[in-house]
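The primary structure of each chain is shown beneath.
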Amino acid sequence: LCTLHTSAIMHRKNAMLGLLAGGLAVALAIDNGKARTPPMGWRSWNLYGGKINQDLMEKIMDGIAARRRTVDGVPTSLCDLGYCDVGLDDVWQKCGSYGKNKYS
């Protein structure tokens, strides 16, 4: 009985040490300057689905970079606020067929 009790105490101590070490690693990781916010930006699929083209993508990027809005009286773009990422979700693989085997 004593051995079983000692084993359970050691198991709890090891679990607590593991939690402390894990918590310390998380605290240090948070302070590394990375991933302070989730990825923020715009993706083509939700608005255009498969009906996207180069012209639309360029207009979206221009709109994100344009300082047409003001924050506290300062001209500000969405990129200034952290929304800099623009992504083409799908249909990129159909950009064109090239070569004798028609590779895209």
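Residues numbered from 1 in each chain as written. Predicted model: local features only at pLDDT ≥ 70, side-chain atom pairs only at ≥ 80, totals over all residues. Heavy atoms only, no water.

Here we look at the overall build of the protein
Okay, step 1: Of the regular secondary structure elements, the protein holds 3 helices and 4 strands.
Okay, step 2: Buried positions account for 12% of the 104 residues belonging to the protein.
Okay, step 3: A fraction of 44% describes how many contacts in the protein between residues 6 or more apart in sequence connect residues 24 or more apart.
Okay, step 4: About 8,700 Å² of surface is accessible on the protein, with carbon and sulfur atoms providing 61% of the total. (Helix = DSSP H or I, 4+ residues; strand = E, 2+ residues; numbered from the N terminus. Buried < 20%, exposed > 50% of the residue type's maximum accessible area, 1.4 Å probe, protein only. Contact = heavy atoms within 4.5 Å. Areas by Shrake-Rupley, 256 points an atom, 1.4 Å probe, with all protein chains shown as cover.)

Focus on helix α3 (residues 54-65)
Okay, step 1: Here α3 spans 17 Å end to end across 12 residues, near enough to the 16 Å set by a 1.5 Å rise per residue.
Okay, step 2: Looking at α3, one finds that the buried residues are M57, I60, G63 and I64. Taken down its axis, α3 places every buried residue within 125 degrees of arc, on the same side. Across from the buried face of α3, at angles greater than 90 degrees, the exposed residues are Q54, K59 and D62.
Okay, step 3: Tucked into the core, α3 has its buried residues touching β1 (41-43), α2 (45-48), β2 (69-71) and β4 (85-87). (Expected span 1.5 Å × (residues − 1). Arc of directions from axis to C-beta.)

Re the pattern of salt bridges
Okay, step 1: Per the stated rule, a full pass over the model turns up 3 salt bridges.
Okay, step 2: The salt bridge partner of D85 is R43, with a shortest N-O separation of 2.4 Å. Here D85 is found in strand β4, whereas its partner R43 is found in strand β1, with 42 residues between them in sequence.
Okay, step 3: Owing to a relative accessible area of 33%, R43 belongs among the partly exposed residues under this scheme. (Salt bridge = Lys/Arg side-chain N within 4 Å of Asp/Glu carboxyl O.)

Things to note about the state of the cysteines
Okay, step 1: Per the stated rule, a full pass over the model turns up 1 disulfide.
Okay, step 2: Disulfide partner of C79: C84, at an S-S distance of 2.0 Å. Negative torsions about the S-S bond denote left-handed disulfides, and the value of about 100 degrees found for C79 with C84 makes this one right-handed.
Okay, step 3: When its relative accessible area of 30% is taken as the criterion, C79 is described as partly exposed. (Disulfide = S-S within 2.5 Å.)

Some details on the packing of aromatic side chains
Okay, step 1: In the structure shown here, the tally under the stated rule is 1 aromatic pair.
Okay, step 2: Here the aromatic rings of W42 and Y48 are separated by 6.2 Å at their centres, their planes lie at 70 degrees, and the arrangement is edge-to-face.
Okay, step 3: On the accessibility criterion, Y48 (25% relative accessible area) is partly exposed. (Phe/Tyr/Trp six-rings, centres within 6.5 Å; stacked < 30°, edge-to-face > 60°.)

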